Amino acid sequence: MQPQSTLPSIYRALGLAGLLPFFAGPALILTGNGPFAALLFPLYSLAIACFLCGVWWGIAVGRGLRGVAVALASNAILLIAVAAVVFGPPSTAIGVLALVFLIILAGDLTLPALAIPFTGYRALRVQLTVLVIAAHGLMLALL
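This write-up is about the structure you can find in this document. (Residues numbered from 1 in each chain as written. Predicted model: local features only at pLDDT ≥ 70, side-chain atom pairs only at ≥ 80, totals over all residues. Heavy atoms only, no water.)

Quick look at the overall build of the protein
A tally of regular secondary structure across the protein gives six helices and two strands. The linear arrangement of helices and strands in the protein, starting from the amino end, is β-α-α-α-α-α-β-α. Taking 15 Å as the expected radius of gyration for a compact globule of 143 residues, we find that the protein reaches 16 Å, a close match to that expectation. Expressed as lengths along the three principal axes of its C-alpha atoms, the size of the protein is roughly 50 × 30 × 20 Å. Burial status across the protein gives 35% buried among its 143 residues. Counting only contacts in the protein whose residues sit at least 6 apart along the sequence, the fraction spanning at least 24 positions is 74%. (Helix = DSSP H or I, 4+ residues; strand = E, 2+ residues; numbered from the N terminus. Rg over C-alpha atoms; globule rule 2.2 N^0.38 Å. Buried < 20%, exposed > 50% of the residue type's maximum accessible area, 1.4 Å probe, protein only. Contact = heavy atoms within 4.5 Å.)

Structural notes on the environment of Leu28
Topologically, Leu28 is positioned in helix 2 (residues 20-30). Placed 13 residues apart in sequence, Leu28 and Phe41 show a C-alpha to C-alpha distance of 9.8 Å. Sequence-distant contacts of Leu28, that is, excluding residues within four places in its chain, are made with Asn33, Gly34, Phe36, Ala37 and Leu40.

Things to note about a nonpolar patch on the surface
On the surface, Phe23, Leu30, Leu131, Leu138 and Leu142 cluster together into a nonpolar patch covering about 420 Å² of accessible area. Put simply, the parts of the chain that give the nonpolar patch at least two residues each are helix 2 and helix 6 (121-142). With three residues, helix 6 is the largest single contributor of residues to the nonpolar patch. With respect to the helices and strands, Leu30 occurs in helix 2. The exposure class of Leu30 is exposed, given its relative accessible area of 64%. (Patch = residues over 30% accessible without salt bridge, like charges linked within 9 Å, V, L, I, M, F, W, Y side chains within 5 Å. Areas by Shrake-Rupley, 256 points an atom, 1.4 Å probe, with all protein chains shown as cover. Salt bridge = Lys/Arg side-chain N within 4 Å of Asp/Glu carboxyl O.)

Things to note about the packing of helix 2 against helix 6
Packing of helix 2 against helix 6 brings their axes to within 8 Å, and their N-to-C directions diverge by 20 degrees. Considering their axes alone, helix 2 and helix 6 lie roughly parallel with respect to each other. For the pair helix 2 and helix 6, the crossing hand works out as left-handed. Every residue of helix 6 that contacts helix 2 at Phe22, Phe23, Gly25, Pro26, Ile29 and Leu30 is listed here: Leu131, Val132, Ala135, His136, Leu138, Met139 and Leu142. (Axes fitted to C-alpha atoms, helices over the stretch in contact; angles between N-to-C directions. Parallel < 35°, antiparallel > 145°, perpendicular 65-115°, else oblique. Left-handed = near helix turned anticlockwise from the far one by under 90°.)

Quick word on helix 2
Since the α-helix turns once every 3.6 residues, residues separated by three or four places project in the same direction. Among all positions in helix 2, only Phe22, Gly25, Pro26, Leu28 and Ile29 are buried. Across the axial projection of helix 2, the buried residues extend over an arc of 155 degrees, all falling on one side. Of the residues in helix 2, the exposed ones pointing more than 90 degrees away from the buried face are Leu20 and Leu30. Structurally, helix 2 contributes buried residues whose contacts are with helix 3 (34-62), helix 5 (90-110) and helix 6. In the segment just after helix 2, Gly32 is the residue with positive phi, at about 90 degrees. (Arc of directions from axis to C-beta.)

Laid out in structure tokens, this is it:
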């Protein structure tokens, strides 16, 4: 593995900015736009889950990993998320997506193949995931 260097600040800024749509969902419900929030929130959540699963692929491909475990795991996680959004009501989709984010974080923190050589990356992932899951819980409470 490469020596540790500090995570560039743009990643923190983009991660924090990515939280805004998650908290727009509850705000929309509170302003009387519940049906729109029930559509928008799971779709945005799914988009971010797709992005994070794609990160797993990017890391694996970039490192020349020959094993297929990371690729299969990311595909399985994503298929579960897609199925929840396509086939379930918004409340089920939001609950499943919250679990998906927890599973992705667990992989980021524990799988050696996904270790990122930047100081601060794991802490940022934990912070963002806690807030994302909180937004999911808030949506579920308000729906």
